[in-house]
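Survey of secondary and tertiary structure
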Amino acid sequence: MAVAFRGGRNGVGSGLRSFFSYRIFISALLSFLFLATFSVVLNSSRHQPHLDHRTTSFLASQSDPLKTRLDLIQKQATDHLTLVNAYAAYARKLKLDASKQLKLFEDLAINFSDLQSKPGLKLENGDAIEEDAFRQLEKQVKDKVKTARMMIVESKESYDTQLKIQKLKDTIFAVQEQLTKAKKNGAVASLISAKSVPKSLNCLAMRLVGERISNPDKYKDAPFDSAATEDPSLYHYAVFSDNVIAVSVVVRSVVMNAEEPWKHVFHVVTDRMNLAAMKVWFKMRPLDRGAIVEIKSVEEFKFLNSSYAPVLRQLESAKLQKFYFENQAENASRDANNIKFKNPKYLSVLNHLRFYLPEMYPKLNKILFLDDDVVVQKDLTGLWKINLDGKVNGAVETCFGSFHRYGQYLNFTHPLIKESFNPNACAWAFGMNIFDLNAWRREKCTDQYHYWQNLNEDRSLWKLGTLPPGLITFYSKTKSLDKSWHVLGLGYNPGVSMDEIKKAAVIHYNGNMKPWLDIAMNQYKSLWTKYVDNEMEFVQMCNFGL
């Protein structure tokens, strides 16, 4: 037991010594680490003083909130000192002007006093004043009075608040008048720039016609196989225009982006004047990859005459001719809001052909209508696969908020319009429209168009153009398409995003800034010019400046 006891006692003493030795070791180790860390921090602060300054400032601001408030107060004081100095400088200027004005009035008062006390001009003992002296006095007084009145008028503006307000109103009115006049002149100039035929376009048409005259045998009309142009299983496009280069870009862009171009048929209709040029172009530059183009003049559609089409009868009327041509220059400057309705395109039959597609192509079931100011960027065959749900027209809607609704295009003060249509109905875009011609015939849309066009002979239902009668004709007969099919605004809106444009199947240069004009917007012009056939010799010769 004694052994056992001794053994226990020695074990406890040895454990305590080991425990205290361990604590001493740990304390020494921690002290060493602290000294080492402090040394590193000290050396780092010596080598990087700019870090130390920022750290100190941060710590100071954290530890002393009054420092932040002091900095804020100092900034406010500095800002207001600058402001006060600016006002003081202006006040000194005003004081200087006022002191100059005071000096002028004091001098003028002294002059009047001197005139009154001038020797020889006072009457004493009934003596009469000499006539020469009187005339001299009268002249001097009149001169001084004139000067005084001028000074008073000039000085009155500084003291008469009402006069200042009135003068400011007059200035604002004059500026507004100038702005209104400038806007009217700008509208007229913009219309002239947009609607005049550019020299390059005229040159191209003349070159093409000259080529036909020089080589009549080469450009004889060959027998044309109409089977493809009447085949409803193919993809048919309608393009109506008198602009050769624009039509070529539309057709070329479709063909270049089509997956199966040999299934695409283009029905191009132009006027008699440009028919030869259009045919020569497509003879010299035939379509690639098997695509087919049919070129006709509007005169070949014999059913289109003034006895059948109300718009043709109206275009021939003396009243409409007077509206367009009588005092046009004078009216343009006076009525800038309506100058756009005097656009020459409204006199063109080509602009109204879109309402006669079923009669023009009786054997077709569907057709895609394209304006001549569009560019196709993707394969469009998906449009023929869209279920229109029995509707006649497939189009992209353009309304947002209160804009581009029926109320903006039609005269809802007219009882017929008010009873028949909803002013808040959403408008849609002409320029890329897929038409179900069978549904068109079933709904008798052309008859509806004729009915309303006859009622609008006096332009009381809508102004000129094709969109208002289109909105009426296809009211409740239009299927809304996804907006990526048709992006508009490249002819007037510089804010159309490039992301939106890249996703679009068709981009539309609607507006005055057409891509073939010098006034086109540069950021969008290259999207059109890349489809221009620059290898065509006449394009190079006519210097399009592309």
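Conventions we followed
Residues numbered from 1 in each chain as written. Predicted model: local features only at pLDDT ≥ 70, side-chain atom pairs only at ≥ 80, totals over all residues. Heavy atoms only, no water. Phe/Tyr/Trp six-rings, centres within 6.5 Å; stacked < 30°, edge-to-face > 60°. Helix = DSSP H or I, 4+ residues; strand = E, 2+ residues; numbered from the N terminus. Buried < 20%, exposed > 50% of the residue type's maximum accessible area, 1.4 Å probe, protein only. Pairing = 2+ DSSP bridges. Axes fitted to C-alpha atoms, helices over the stretch in contact; angles between N-to-C directions. Contact = heavy atoms within 4.5 Å. Salt bridge = Lys/Arg side-chain N within 4 Å of Asp/Glu carboxyl O. 1 Å grid on protein atoms, 1.4 Å probe; cavity = no way out; pocket = protein on both sides within 12 Å on 5 of 7 lines; lining within 4 Å. Points joined across faces, edges and corners; volume = space filled by probe spheres on them. Nonpolar A, V, L, I, M, F, W, Y, C, P; charged D, E, K, R; others polar.

**Some details on the packing of aromatic side chains**
A full pass over the atoms with the stated rule returns 25 aromatic pairs. With centroids separated by 6.4 Å and ring planes inclined at 75 degrees, the aromatic side chains of Phe301 and Tyr361 adopt a geometry described as edge-to-face. Highlighted residues: Phe301 in the loop between strand 3 (292–297) and helix 9 (310–315) and Tyr361 in the loop between helix 12 (357–360) and strand 4 (366–370), separated in sequence by 60 residues. The class for Phe301 is buried, based on a relative accessible area of 8%. When the centroid spacing of 4.1 Å and the interplanar angle of 5 degrees are considered together, the rings of Phe355 and Tyr449 count as stacked. Linking Phe355 in the loop between helix 11 (328–334) and helix 12 with Tyr449 in helix 16 (residues 445–455), this pair joins segments that are 94 residues apart in sequence. Each member of the pair, Phe355 together with Tyr449, is buried.

**Observations concerning the sheet that holds strand 3**
Strand order across the open sheet formed by seven strands is 3-2-1-4-7-6-8, with mixed pairing between neighbours. In the strand order of this sheet, the two ends are held by strand 3 and strand 8 (478–480), each with one partner. If you compare each strand with its neighbour and ignore which way they point, the axes differ by 25 degrees on average. Bridge count for strand 6 (residues 393–395) against strand 7 (residues 432–436) is two bridges, and the pairing is antiparallel. Looking at strand 7, one finds that Gly394 is bridged to Ile434. Across the sheet, helix 7 (residues 244–257) is in contact with strand 1 (235–240), strand 2 (264–270) and strand 4; its angle to strand 2 comes to roughly 175 degrees. Taken strand by strand, helix 8 (residues 272–284) contacts strand 2 and strand 3, and its axis lies near 160 degrees from that of strand 3.

**Brief notes about the pattern of salt bridges**
Scanning the entire structure with this criterion turns up eleven salt bridges. Ionic pairing is found between Lys263 and Glu260, a salt bridge with its closest N-O pair at 3.3 Å. Overall, the relative accessible area of 30% leaves Lys263 in the partly exposed class. With its nearest N and O atoms 3.6 Å apart, the salt bridge here joins Asp371 to Arg354. Separated by 17 residues along the polypeptide, Asp371 in the loop between strand 4 and strand 5 (374–376) and Arg354 in the loop between helix 11 and helix 12 bring together distant segments of the chain. What makes Asp371 buried here is its relative accessible area of 16%. By relative accessible area, Arg354 is classed as buried at 6%.

**Some words on the layout of surface pockets**
Estimates place the volume of the second largest pocket at around 600 Å³. Taken together, 19 residues make up the lining of the second largest pocket; nearest its centre are Ala222, Phe224, Lys279, Val293 and Ile295. Those elements that place two or more of their residues in the lining of the second largest pocket are helix 8 and strand 3. Considering only residue class, the lining of the second largest pocket consists of eleven nonpolar, no polar and eight charged.

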